[in-house]
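Each chain, letter by letter, is given below.
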Amino acid sequence: MNILVLNGSPRKNGNVARALQREVEKLTGKAGAETCQVVWEDVCDLSFDFCKGCMACRSKSVCILPLDHAHKIAEEIIKCDMLLAGTPVYWGNMNGKLKSLFDRLVGVMMAESKMGIPRPLHKGKKAIIVTSCTTPFPFNYLCGQSSGAVRALKEILKSSGFKVIRKVNLSNTRR
């Protein structure tokens, strides 16, 4: 099993990173570490340009911008069997750099029919979402903080064909 971990947190040893690591340990323990290949990417360390909205990726299945780390992640997404996406909650959404990365990956995540209907490219693959929010429970949900970030990630992953098998939401993480 090929597992791709996208750590959207700028803190490499923060709550999101530790929760992602626990999820990887659960997965590799079940499948047997020797049968799993884990690729860990700290999104905040990646260098890539913003999506220009040209829509060329929809027909070419690859971003036409000059090669950068977004192209490398696109290759990893194509190869992975499971995607773990983790993010701290910023204003009820995912980290901006993670969102920008997903914007650049549209061409490898989904295609379009001739009528413009989205078509997922990763059916059968699984995903886990991890979020971390300083807002205490249940206000992290009632105020749309954690739920907003999860909704945004689910939209991307489900539209791409991934089945979200688990959501890990850490709340009240200020301490």
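In what follows, the accompanying structure is described. Small disclaimer: the values here were computed from a predicted structure and weren't measured.

A closer look at the pairing of strand β6 (residues 126–132)
By the criterion of burial, β6 is predominantly enclosed, with 6 of the 7 residues buried. Two elements, strand β3 (residues 82–88) and β6, share 7 bridges in a ladder whose sense is parallel. What sits directly across from Thr87, in β6, is Thr131.

Some words on the nonpolar core
With 29 residues, the main nonpolar core has Leu6, Leu101, Phe102, Leu105, Met109 and Phe162 as its most contacted residues. Within the residue set of this core, elements represented by two or more residues are β1 (2–7), α3 (69–79), β3, α4 (96–104), α5 (106–109), β6 and α7 (145–159). The greatest single-element share of this core, amounting to 5 residues, is contributed by α7. Apart from the residues within four sequence positions on either side, Phe162 is in contact with Ile77, Cys80, Leu83, Met109, His122, Lys125, Lys126, Ala127 and Leu157.

Considerations on the sheet that holds strand β7 (residues 163–170)
The 5 strands are arranged β2-β1-β3-β6-β7 in an open sheet whose pairing can be described as parallel. Each edge of the open sheet carries a strand with a single partner, namely β2 (37–42) and β7. With strand direction ignored, the average angle separating the axes of adjacent strands in the sheet is 15 degrees. Relative to β7, β6 runs parallel, the two being bridged by 7 bridges. In the strand pairing of β7, Ala127 is matched with Val164.

Structural notes on the pattern of salt bridges
Between side chains of opposite charge, a pair can form when the charged atoms approach closely. The tally for this structure, following the rule as stated, stands at 9 salt bridges. Between Glu23 and Lys26 there is a salt bridge, and its shortest N-O distance comes to 3.1 Å. A residue pair is termed a helical-turn pair when its members lie 3 or 4 positions apart in one helix, as Glu23 and Lys26 do in helix α1 (residues 15–31) at 3 residues. A residue is classified by how much of its surface remains accessible, and Glu23, at 3% relative accessible area, is buried. A salt bridge links Lys52 to Asp49; the nearest nitrogen and oxygen atoms lie 3.0 Å apart. What makes Asp49 partly exposed here is its relative accessible area of 35%. Each member of the salt-bridge network shares a partner with another, and the members are Glu23, Lys26 and Arg166.

What counts as what
Residues numbered from 1 in each chain as written. Predicted model: local features only at pLDDT ≥ 70, side-chain atom pairs only at ≥ 80, totals over all residues. Heavy atoms only, no water. Buried < 20%, exposed > 50% of the residue type's maximum accessible area, 1.4 Å probe, protein only. Helix = DSSP H or I, 4+ residues; strand = E, 2+ residues; numbered from the N terminus. Pairing = 2+ DSSP bridges. Core = buried A, V, L, I, M, F, W, Y, C linked by side-chain atoms within 4.5 Å. Contact = heavy atoms within 4.5 Å. Axes fitted to C-alpha atoms, helices over the stretch in contact; angles between N-to-C directions. Salt bridge = Lys/Arg side-chain N within 4 Å of Asp/Glu carboxyl O.

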